[in-house]
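What follows is the residue order along each chain.
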Amino acid sequence: MPDHRAKNSTPYLLEEQVGFLLRVAMQRHSNIFASEIAGSLTAPQFSALVRLLQEGQLSQNHLGRLIYLDVATIKGVVERLRARGLVTSKQDLHDARRHVITLTPTGRRLVEAAIPQAAKITERTLAPLSDKEQATLLHLLKKLG
């Protein structure tokens, strides 16, 4: 059996690697989110609706940048939201290459109802940590981002 040790003879332990630990924490959060969010929204869909609520009408590309999604992913998110009647998408009057995204009244009602649920989801996700640990984690995650 091969010995996968780094140069300093320390074994590589998967369960101590940052990427693995972040993925495990994200899976935990995703499971909580999926079970408790209104309207069967995905996290990217919820993020898009929140940004539209906060910012108003946005180009699809700008919306994607604001929530850290690539062009192909934001296109799919917007299409699914549009199909559910939560947003409208139309060509920009000044630039036909751009699509302008706007919340519909149904989308506005859904995201406004979902925001308090999202706050509770965050509380549940962070519940195993003390208040000080929660503040430290959030600070460090912001620093990494």
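Above: the structure in question.
All values reported here derive from a predicted model rather than from experimental measurement.

S.K.: Can you break down the overall build of the protein residue by residue, with the values?
M.R.: Each helix and strand in the protein was counted, giving six helices and three strands. Traced from its N-terminal end to its C-terminal end, the protein shows the element sequence α-α-β-α-α-β-β-α-α. The dimensions of the protein, computed from C-alpha atoms along their principal axes, are 60 × 35 × 30 Å. Per-residue burial for the protein yields a buried fraction of 27% across its 145 residues. Counting contacts in the protein only where the partners sit at least 6 residues apart, residues at least 24 apart contribute 50% of the total. When the accessible surface of the protein is totalled, it reaches about 10,200 Å², and 57% of it is carbon and sulfur.

S.K.: Describe the nonpolar core, naming the residues involved and giving the relevant values.
M.R.: Counting residues in each nonpolar core, the largest one holds 27 residues, and the members touching the most others are Ile37, Leu41, Phe46, Leu49, Leu63, Leu81 and Val87. With residues near it in sequence (within four places) discarded, phenylalanine 46 still touches Phe33, Ile37, Leu41, Val111, Ala114, Ile115 and Ala118.

S.K.: Could you give an account of the packing of helix H2 (residues 43-55) against helix H4 (residues 71-83), naming the residues involved and the relevant values?
M.R.: Put simply, H2 and H4 touch, their axes get as near as 10 Å, and they point 80° apart. Put simply, H2 runs roughly perpendicular to H4. Of H4, the residues touching H2 (which contributes Pro44, Gln45, Ala48 and Leu49) are Val77, Arg80 and Leu81. Taken together, the residues of the contact of H2 with H4 break down into five nonpolar, one polar and one charged.

S.K.: So, the side chain of glutamine 60: which residues are in play, and what are the values?
M.R.: Relative to the helices and strands, glutamine 60 resides in helix H3 (residues 60-66). Residue class for glutamine 60 comes out buried when judged on its relative accessible area of 13%. Look past the residues within four positions of glutamine 60 in its chain and what remains in contact with it is Ile74, Lys75, Val78, His99 and Ile101.

S.K.: Any details on the packing of helix H1 (residues 18-36) against helix H5 (residues 105-126)? Residues and values, ideally.
M.R.: Viewed as axis vectors pointing N to C, H1 and H5 meet at an angle of 145°, and their least axial separation amounts to 10 Å. For the element pair H1 and H5, the recorded crossing hand is right-handed. Contacts between H1 and H5 involve Arg28, His29, Ile32, Phe33, Ser35 and Glu36 from the former and Gln117, Ile121, Arg124 and Thr125 from the latter.

S.K.: Go over the packing of aromatic side chains, please, and point to the residues and values.
M.R.: Under the counting rule described, the total for this entry stands at one aromatic pair. Seen in terms of ring centroids, phenylalanine 33 and phenylalanine 46 are 5.9 Å apart; in terms of plane orientation they differ by 65°. Their pairing is edge-to-face. In this pair, phenylalanine 33 sits in helix H1 while phenylalanine 46 sits in helix H2, placing the two residues 13 residues apart along the sequence. Judged by relative accessible area, which is 8%, phenylalanine 33 ranks as buried.

S.K.: Got a sec to walk through the sheet that holds strand S1 (residues 58-59)? Specific residues and values, please.
M.R.: Across the sheet, which stays open at both edges, the three strands sit in the order S1-S3-S2 with antiparallel pairing between neighbours. Of all the strands in the sheet, the pair left with one neighbour each is S1 and strand S2 (87-91). The sheet contact formed by S1 and strand S3 (residues 99-103) spans two bridges and is antiparallel. Paired with serine 59 across the bridge in S3 is valine 100. Most of the contacts of H2 go to S3, to which it runs at about 85°, and overall it touches S1, S2 and S3.

Reading the values: rules and limits
- Residue positions within a chain follow its written sequence, with the count starting from 1.
- Confidence filtering applies because this is a predicted model: local features only for residues at pLDDT of at least 70, side-chain atom pairs given and counted only at 80 or more, and all residues used for totals across whole chains, interfaces and linings.
- The side-chain values count all of the structure's non-hydrogen atoms but skip hydrogen atoms and water molecules.
- Helix and strand labels come from DSSP, where a helix needs a run of H or I of at least four residues and a strand needs a run of E of at least two; each type is numbered from the N terminus.
- Between buried and exposed lies partly exposed: a residue is buried under 20% and exposed over 50% of the maximum accessible area for its type, with that area taken using a 1.4 Å probe on protein chains only.
- Any two residues whose heavy atoms approach within 4.5 Å at even a single point are treated as in contact.
- The protein chains shown are the only cover counted for residues, whose accessible areas, like all others here, come from Shrake-Rupley with a 1.4 Å probe.
- Definition of nonpolar core: a set of buried residues of the types Ala, Val, Leu, Ile, Met, Phe, Trp, Tyr and Cys, connected through side-chain atoms within 4.5 Å.
- The angle between two axes is taken between their N-to-C directions and runs from 0 to 180 degrees, where each axis is a line fitted to C-alpha atoms and a helix contributes only its stretch in contact.
- Relative orientations are named as follows: roughly parallel for angles under 35 degrees, roughly antiparallel for angles over 145 degrees, roughly perpendicular for angles from 65 to 115 degrees, and oblique for any other angle.
- Classes in brief: Ala, Val, Leu, Ile, Met, Phe, Trp, Tyr, Cys and Pro nonpolar; Asp, Glu, Lys and Arg charged; the others, Gly included, polar.
- Note on convention: the crossing is left-handed when the near helix lies turned anticlockwise from the far helix by less than a right angle, right-handed when the turn is clockwise.
- Between 30 and 60 degrees the pair is tilted, below 30 it is stacked and above 60 it is edge-to-face, where a pair is any two Phe, Tyr or Trp rings, Trp via its six-membered ring, whose centres lie within 6.5 Å.
- Only strands that DSSP links by at least two bridges are regarded as paired with each other.

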